[in-house]
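Chain by chain, the residues:
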Amino acid sequence: MNVGNIQLIMKIIHSPINKFMIQIQQNGCDHGTNSYCAYKFCQQLFCSYCTIDHQDHDFYTKQQLNELLINEMNQLKQLYDDINILKANIQQQITDIQEQVNKQIGILQEYLNKNENHISKLLKQFYYGNEKMNFMYQTNHIKTNLEQISNKLSKLSIVKNHQFSQELKHLDIFVKTSQNIIKNAKQSNSIALVIPKLSFDDETIITFKVKKLVHTIAIGICDLQTLESKNFMIDNWKKSGHGCYLISSSGYLYSTSNQNQNQVKTYFTYKDGQLIQIIFQPNQKLLFFRNLTNKREFLVFVNELRDYYACVYLSKENEEIEIVQ
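Residues numbered from 1 in each chain as written. Predicted model: local features only at pLDDT ≥ 70, side-chain atom pairs only at ≥ 80, totals over all residues. Heavy atoms only, no water.

### Structural notes on the overall build of the chain
Then comes step 1: Each helix and strand counted, the chain has 6 helices and 17 strands in total.
Then comes step 2: In the chain, which comprises 325 residues, the proportion classed as buried is 40%.
Then comes step 3: Put simply, of all contacts in the chain between residues at least 6 apart along the chain, 60% involve residues at least 24 apart. (Helix = DSSP H or I, 4+ residues; strand = E, 2+ residues; numbered from the N terminus. Buried < 20%, exposed > 50% of the residue type's maximum accessible area, 1.4 Å probe, protein only. Contact = heavy atoms within 4.5 Å.)

In structure tokens form, the structure reads like this:
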């Protein structure tokens with residue numbers, strides 16, 4: 001398509017024809033205008049008898065202008081048709097791509113549904129584990145520790161007598177027995193510690209039973225020094241440094257040492273009547289959670305060893321939990 005031809009046609013369309021007709025008639029010419037001078041200083045309509053003074057200029061007859069216009073219109077139509085064809089092709093390609101994407105999503109979803117337990121034990125534990133480990137090392141490390149824990153549990157015959165402390169707790173928590181506590185006031189964020197403190201030499205295993213869940217209960221370990229300074233309360237769960245490694249009944253992980261793992265939703269949840277076991281391995285710096293009721297498991301890395309105690313967090317009045325060893 002010739003842009004110059006388009007510009008020429010537009011000039012002719014918008015030319016003041018009546019003005020030129022009057023001018024030609026005033027010059028004594030009464031012939032019809034049938035030519036157009038394209039010279040930049042002319043650009044006017046003339047009759048065939050008045051073009052003698054424009055012999056060196058570019059002239060277009062009426063027939064030539066018609067042919068030029070028809071040719072350009074045909075090219076415009078062809079361009080329009082090409083654009084529509086291209087548009088249709090692009091739309092079809094988008095449709096095909098979307099179908100392929102939906103197909104792949106379906107395949108992935110089917111795989112995830114069939115392998116939920118496997119993915120939960122490997123990928124999710126890896127995600128919340130030590131970011132510096134590569135995937136294969138992390139997987140093998142978890143598998144080895146699970147086997148060791150299972151073997152020790154099967155051979156375990158003597159269990160330490162763990163009990164709730166009468167002193168290392170918030171005032172709103174009432175110790176019914178050495179094995180049972182209940183929240184007797186509306187103050188939130190109350191924590192009670194289990195004695196004795198966790199050993200640095202051997203692993204510790206403690207099993208809790210959720211007696212009554214009103215809103216949120218959390219189970220794990222905590223640093224005595226930090227909790228004493230906070231009067232056995234947590235004033236801000238959103239920031240690390242609160243002194244605890246806990247998992248709540250609603251599945252939230254709280255880590256005092258890693259902000260990226262603090263207040264993060266996990267798949268490990270529990271409710272009334274369920275048995276929750278914690279296993280602390282100081283040599284490996286691991287805290288292992290196990291729901292003995294639904295067999296779910298979760299692993300947390302403890303960055304540094306301090307005077308850790310097992311602990312329980314109660315959020316609402318009348319919530320109750322006990323140690324079942």
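Let us keep going from here.
### Examining the state of the cysteines
A covalent bond between the sulfur atoms of two cysteines is referred to as a disulfide.
Then comes step 1: Inspection of the entire model under this criterion finds 0 disulfides.
Then comes step 2: There is no disulfide at C244, and the cysteine sulfur nearest it, in C311, is 4.8 Å away. (Disulfide = S-S within 2.5 Å.)

### What to know about the sheet that holds strand 5 (residues 173–177)
Then comes step 1: The strand order across the open sheet formed by 7 strands is 5-6-17-8-13-14-15, and the pairing between neighbours is antiparallel. Only two strands of the sheet have a single partner each, and these edge strands are strand 5 and strand 15 (297–301). Within the sheet, the average angular offset between the axes of one strand and its neighbour, ignoring direction, is 20°.
Then comes step 2: Of the strand pairs in this sheet, strand 6 (residues 180–183) and strand 17 (residues 320–323) are connected by 3 bridges, and their pairing is antiparallel. Of the residues in strand 17, the one forming a bridge with I181 is I321. (Pairing = 2+ DSSP bridges. Axes fitted to C-alpha atoms, helices over the stretch in contact; angles between N-to-C directions.)

### Side note on the nonpolar core
Then comes step 1: Core analysis: the biggest nonpolar cluster contains 33 residues, and F164, I181, F208, I221, I278, L287 and I321 have the highest contact counts within it.
Then comes step 2: Those residues in contact with F164 that lie beyond four places of it in its chain are S178, Q179, N180, I181, A192, L193, V194, F208, V312, I321, E322 and I323.
Then comes step 3: The next biggest cluster of nonpolar side chains, apart from the first, holds 16 residues, and it includes L224, F232, L246 and Y254. (Core = buried A, V, L, I, M, F, W, Y, C linked by side-chain atoms within 4.5 Å.)

### Section: the pairing of strand 7 (residues 190–195)
Then comes step 1: Within strand 7, 5 of the 6 residues are buried, which leaves the element mostly enclosed by the surrounding structure.
Then comes step 2: Where strand 7 and strand 16 (residues 308–314) come together, 5 bridges link them in antiparallel fashion. The residue of strand 16 that forms the bridge with A192 is V312.

### As for the side chain of S199
Then comes step 1: Inspection of the secondary structure assignment puts S199 in the loop between strand 7 and strand 8 (204–212).
Then comes step 2: Looking at S199, the relative accessible area reads 14%, which means it is buried.
Then comes step 3: Within polar-contact distance, the side chain of S199 engages the backbone nitrogen of D202 at 3.2 Å. (Polar contact = N/O pair within 3.5 Å; in protein donor to acceptor, adjacent residues only side chain to side chain.)

### Thoughts on the environment of S199
Then comes step 1: Residues S199 and F280, spaced 81 residues apart in sequence, show a C-alpha to C-alpha distance of 8.7 Å.
Then comes step 2: Among the polar contacts listed, one links the side chain of S199 to the backbone nitrogen of D201, at a separation of 3.0 Å.

### A short note on the packing of aromatic side chains
Then comes step 1: By the definition in use, this model includes 8 aromatic pairs.
Then comes step 2: An angle of 80° between the planes, with centres 5.3 Å apart, marks the rings of W237 and Y313 as edge-to-face. You can see W237 sitting in the loop between helix 6 (224–229) and strand 10 (244–248) and its partner Y313 sitting in strand 16, a full 76 residues away along the chain. In terms of burial, W237 and Y313 fall into one category: buried.
Then comes step 3: An aromatic cluster is present here, built from W237, Y254 and Y313 joined pairwise through their rings. (Phe/Tyr/Trp six-rings, centres within 6.5 Å; stacked < 30°, edge-to-face > 60°.)

### A short note on a nonpolar patch on the surface
Then comes step 1: A surface patch of nonpolar side chains, amounting to about 260 Å² of accessible area, comprises L76, L79 and I83.
Then comes step 2: I83 sits in the partly exposed class, given a relative accessible area of 48%. (Patch = residues over 30% accessible without salt bridge, like charges linked within 9 Å, V, L, I, M, F, W, Y side chains within 5 Å. Areas by Shrake-Rupley, 256 points an atom, 1.4 Å probe, with all protein chains shown as cover. Salt bridge = Lys/Arg side-chain N within 4 Å of Asp/Glu carboxyl O.)

### Considerations on the pattern of salt bridges
Then comes step 1: Counted under the stated rule, the structure contains 7 salt bridges.
Then comes step 2: Put simply, D81 and K77 hold a salt bridge, and the shortest N to O gap is 3.2 Å. Taken as a pair, D81 and K77 lie in helix 3 (residues 62–114) at a separation of 4 residues, close to a single helical turn.
Then comes step 3: Classification of D81 by relative accessible area gives partly exposed; the value is 27%.
Then comes step 4: Three or more residues are tied together by salt bridges with common partners; here these are D223, E304 and R306.

### Focus: the confidence of the model for the chain
Then comes step 1: Residue-level pLDDT values for the chain average 77, and 66% of them are 70 or greater.
Then comes step 2: Put simply, helix 2 (residues 17–26) is where the chain has its lowest mean pLDDT, 42, and strand 13 (residues 275–281) is where it has its highest, 95.
Then comes step 3: Note on residues 16–28: pLDDT is under 50 here. Beyond four places in sequence and across chains, it has 12 contacts.
Then comes step 4: Counted against residues more than four places away or in other chains, residues 155–159, with its pLDDT under 50, gives 2 contacts. (pLDDT = per-residue confidence, 0-100.)

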